[in-house]
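Listed below are the residues making up each chain.
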Amino acid sequence: GDGRLKSWASPKERLQLIAIRWNAQFESLKEYLVTFGHDVINVEELQYQKLAEWVQKQRLEYKIGKMTLARQRQLRSIGFHWTLKNAWAQQRLSNG
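Everything quoted here is computed from the prediction, not taken from an experiment.

J.: Just give me the short version of the overall build of the protein chain, but keep the residues and values in it.
T.: Scanning the protein chain for helices and strands turns up 4 helices and 0 strands. For the protein chain, the α and β elements follow one another from N to C terminus as α-α-α-α. A total of 96 residues make up the protein chain; the buried ones form 27% of that total. In the protein chain, the share of contacts with a sequence separation of at least 24, taken over all contacts with a separation of at least 6, comes to 45%. In the form shown here, the protein chain has an accessible surface area of approximately 7000 Å², with 55% of it arising from carbon and sulfur atoms.

J.: I'd like to hear about helix α2 (residues 49-63), residue by residue, with values.
T.: Taking 1.5 Å per residue, 15 residues should reach 21 Å; α2 reaches 21 Å between its end C-alpha atoms and fits that length. Trailing α2 by a residue or two, Gly65 shows a phi angle of about 75 degrees, which is positive.

J.: Tell me about the nonpolar core, and name the residues and values.
T.: Core analysis: the biggest nonpolar cluster contains 15 residues, and Leu29, Ile41, Leu51, Trp54, Val55, Leu75 and Phe80 have the highest contact counts within it. Ranked by residue count, the leading element in this core is helix α1 (residues 11-36), at 5 residues. Phe80 has contacts with Leu29, Asp39, Val55, Gln58, Arg59 and Leu75, leaving out every residue within four places of it along the chain.

Thresholds applied
Residues numbered from 1 in each chain as written. Predicted model: local features only at pLDDT ≥ 70, side-chain atom pairs only at ≥ 80, totals over all residues. Heavy atoms only, no water. Helix = DSSP H or I, 4+ residues; strand = E, 2+ residues; numbered from the N terminus. Buried < 20%, exposed > 50% of the residue type's maximum accessible area, 1.4 Å probe, protein only. Contact = heavy atoms within 4.5 Å. Areas by Shrake-Rupley, 256 points an atom, 1.4 Å probe, with all protein chains shown as cover. Expected span 1.5 Å × (residues − 1). Core = buried A, V, L, I, M, F, W, Y, C linked by side-chain atoms within 4.5 Å.

Any link to function would need more than the numbers given here.
Dropping the structure here:
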């Protein structure tokens, strides 16, 4: 798809679509963490560009207090780093 929500979707359908997309990105992040051992995702890596943008958005939403507690718990459960500083530290450790 083009990433936009369908204009004909009801508010409930829109929320369901948003949740489906969020969960899909969350699963992609889990796979990335298993593969690379960190959550520093370069937006210039084309195959991970959407995931990198999503991760940036999660950090911003957390920082400005717009993220739900449920999503915070989900991200915390996989060791997500809320700041790039902490993510970079983990990246250095995982690169050994």
